[in-house]
Amino acid sequence: MPPDNRKVLVVGGRGFLGGFIVAGLRRHGWQVRVLARANGRRLDADEVAGDITCMLSAADWAAALTDVSVVVNAAGILREEGRQRFEEVHVRAPMALAEACAERGIRFVQVSALGDPRDGGFITSKHRFDQQLLVMAIDAVVLRPSVVYSERGSYGGTSLLRALAAFPWRQLVPGDGHWSFQPLAASDLADVVSAACAGSMRGVFELGCEKPISLADYQGRWRRWLGIAGDGCWRVPMPLVRAQVWLGERLAQGPVNRTIWNMLLRGNRTDASAFDAAQKAFGVRLRSLDDVLATSPSQMQDRWAAQLYFLAPWLKWSMVALWLASAWVGFSTPSEHIEALAKDSVLANFHPAGLARVTAGMDRFRGVAWAVLARPGPVVGALGLLRLGSLVGLGRSLRGGCRA
């Protein structure tokens with residue numbers, strides 16, 4: 001029976017999975033509160049301020065848990081970046097939250113991940129907390145889904161798999177594509193989470209569709225759903241795939257890292273009895289990929305997103321090349337040539353050689369920042385504003401000179 005108080009706090013509710021979980025909970029009549037970082041903006045009515053990387057004691061969670069009867073923890077990171085570390089995001093902060101819930105008699109629904117601890121730090125830290133949670137004196141359940149997808153948008157690795165499926169003429173398949181997993185619709189996961197919030201089940205439940213599917217078959221089904229001609233495939237040699245995984249790991253960029261790759265190679269499959277156990281416990285039928293796609297036809301934006309996916313990196317590296325080329329020209333052009341070009345113009349009064357070196361330095365820094373930083377927006381934006389400010393200042397100086 002559902003609790004009388006149907007208010008739930010969702011941690012990680014602004015992520016890809018979290019968004020579907022929040023929507024599913026609301027669909028089932030729950031009042032949802034989402035933990036969110038303000039980041040200089042006004043919080044929405046359903047949000048409560050909080051940064052999971054800083055909430056490492058039970059007292060830090062007190063305000064967020066006011067009038068809450070259930071907590072859903074869907075927070076997670078696939079790679080460490082800045083202050084976001086596996087230990088803090090997957091273990092210490094959730095443990096502090098669980099302790100606060102235990103003190104208040106609040107049910108805890110943990111959205112973990114299916115995998116083997118040998119796959120990498122993401123799975124290791126997730127499962128370590130799962131184990132600690134279930135030995136606590138707390139009403140808790142752990143959900144471990146296989147690969148989660150949605151026909152209404154994609155994110156990260158699922159976006160990459162769609163793009164590989166939608167490649168022109170033939171789909172691209174890593175290796176021979178025989179590795180299998182049990183993909184789960186995000187809406188089905190949301191229904192399971194809602195049932196878990198209202199129920200009293202405990203323990204670990206592995207979630208996935210009934211029958212495993214190979215990577216090649218998975219991509220083929222998406223290609224047909226997108227309405228893209230061509231049933232054949234081009235197999236990407238394994239050394240090239242491993243090189244891409246290695247590069248993504250070193251640059252800390254892209255949707256695939258070593259953990260995801262290891263999960264795929266090992267096979268992301270549930271226990272043989274998991275499907276029946278989940279359906280009995282939650283009363284939710286976990287649909288096959290074919291069933292899900294059959295009830296939701298693809299639209300133009302789905303095809304565009306898949307087919308233009310690989311264009312984004314080319315645009316990025318084209319801009320990097322443009323900025324670095326501009327910097328090279330600014331530094332390599334001799335001063336006397338710059339002075340000669342500016343001769344008899346208003347720029348001759350503003351030390352054109354020095355101005356060229358300064359702008360070249362800005363372009364070089366901007367190009368490097370865009371190439372190596374995972375989130376270069378603030379740096380690139382600041383340099384852009386600096387460039388704009390210098391142009392405005394120069395324009396005013398020129399206007400003043402003309403009036404004189």
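Residues numbered from 1 in each chain as written. Predicted model: local features only at pLDDT ≥ 70, side-chain atom pairs only at ≥ 80, totals over all residues. Heavy atoms only, no water.

Undergrad: Residue-level account of the packing of helix H13 (residues 335-342) against helix H14 (residues 352-372), with values.
TA: A pair of packed helices can be characterised by two numbers: the angle between their axes and the separation between those axes. It is at 8 Å that the axes of H13 and H14 come closest, and there the two elements cross at 115°. One element, H13, and the other, H14, form an angle in the roughly perpendicular class. Considering the relative orientation of H13 and H14, their crossing is right-handed. Contact residues: Ser335, Ile338, Glu339 and Ala342 in H13; Pro352, Ala353, Ala356 and Arg357 in H14. Grouping the constituent residues of the contact of H13 with H14 by class yields 5 nonpolar, 1 polar and 2 charged. (Axes fitted to C-alpha atoms, helices over the stretch in contact; angles between N-to-C directions. Helix = DSSP H or I, 4+ residues; strand = E, 2+ residues; numbered from the N terminus. Parallel < 35°, antiparallel > 145°, perpendicular 65-115°, else oblique. Left-handed = near helix turned anticlockwise from the far one by under 90°. Contact = heavy atoms within 4.5 Å. Nonpolar A, V, L, I, M, F, W, Y, C, P; charged D, E, K, R; others polar.)

Undergrad: Give a detailed account of the pattern of salt bridges, specifying residues and quantitative values.
TA: Within this structure, the stated rule accounts for 17 salt bridges. Between Asp51 and Arg83 there is a salt bridge; the shortest N-O distance is 2.7 Å. Residue Asp51 is located in the loop between strand S3 (47-49) and strand S4 (70-73), and its partner Arg83 is located in the loop between S4 and helix H2 (86-104); the two are separated by 32 residues in the primary sequence. In this structure, Asp188 engages Arg287 in a salt bridge whose closest nitrogen and oxygen atoms are separated by 3.0 Å. Pair noted here: Asp188 is in helix H5 (residues 186-198) and Arg287 is in the loop between helix H9 (274-282) and helix H10 (289-294), with a separation of 99 residues, a long-range link. (Salt bridge = Lys/Arg side-chain N within 4 Å of Asp/Glu carboxyl O.)

Undergrad: Break down the packing of helix H12 (residues 311-332) against H14 for me, citing the residues and quoting the values.
TA: At a minimum axis distance of 8 Å, the contact between H12 and H14 shows a crossing angle of 155°. Compared by their axis directions, H12 and H14 come out roughly antiparallel. Judged by the twist between their axes, the crossing of H12 over H14 is left-handed. Counted together, Lys316, Trp317, Val320, Trp323, Leu324, Ser326, Ala327, Gly330 and Phe331 of H12 and Ala356, Arg357, Ala360, Gly361, Asp363, Arg364, Arg366, Gly367, Val368, Trp370 and Ala371 of H14 form the full contact between these two elements. Across the contact of H12 with H14, the residue classes break down as 11 nonpolar, 4 polar and 5 charged.

Undergrad: For the sheet that holds strand S6 (residues 140-145), give the residues involved together with the corresponding values.
TA: Strand order in the open sheet formed by 7 strands is S3-S2-S1-S4-S5-S6-S11, with parallel pairing between adjacent strands. Only two strands of the sheet have a single neighbouring strand rather than two, namely S3 and strand S11 (203-207). Neighbour to neighbour, the strand axes of the sheet diverge by 20° on average, direction disregarded. With 4 bridges joining them, strand S5 (residues 107-111) and S6 adopt parallel strand pairing. Across the sheet, Gln110 pairs through a bridge with Val142, a residue of S6. Contacts from helix H1 (residues 16-27) reach strand S1 (7-11), strand S2 (31-36), S4 and S5, with the element oriented near 160° to S2. (Pairing = 2+ DSSP bridges.)

Undergrad: I'd love a proper account of a nonpolar patch on the surface, names of residues and values included.
TA: Taken together, the side chains of Met300, Trp304, Leu308, Leu311, Trp314 and Leu315 present a nonpolar region at the surface, about 720 Å² in accessible area. If you list the elements that add at least two residues to the nonpolar patch, you get helix H11 (300-307) and H12. For Leu311, a relative accessible area of 42% translates into the label partly exposed. (Patch = residues over 30% accessible without salt bridge, like charges linked within 9 Å, V, L, I, M, F, W, Y side chains within 5 Å. Areas by Shrake-Rupley, 256 points an atom, 1.4 Å probe, with all protein chains shown as cover. Buried < 20%, exposed > 50% of the residue type's maximum accessible area, 1.4 Å probe, protein only.)

Undergrad: Could you give an account of H14, naming the residues involved and the relevant values?
TA: The first and last C-alpha atoms of H14 sit 30 Å apart over 21 residues, in line with the 30 Å expected at 1.5 Å per residue. Looking only at H14, the buried set comprises Pro352, Ala353, Ala356, Ala360, Met362, Asp363, Arg366, Gly367, Ala369 and Ala371. (Expected span 1.5 Å × (residues − 1).)

Undergrad: Tell me about the layout of surface pockets, and name the residues and values.
TA: Each pocket or cavity is described by its volume, and for the second largest pocket that value is around 200 Å³. Taken together, 15 residues form the lining of the second largest pocket, with Cys209, Glu210, Lys211, Ser288 and Leu289 sitting closest to its centre. If one sorts the elements of the lining of the second largest pocket by residue count, H10 sits on top with 3 residues. Its residues assigned to classes, the lining of the second largest pocket comprises 7 nonpolar, 1 polar and 7 charged. (1 Å grid on protein atoms, 1.4 Å probe; cavity = no way out; pocket = protein on both sides within 12 Å on 5 of 7 lines; lining within 4 Å. Points joined across faces, edges and corners; volume = space filled by probe spheres on them.)

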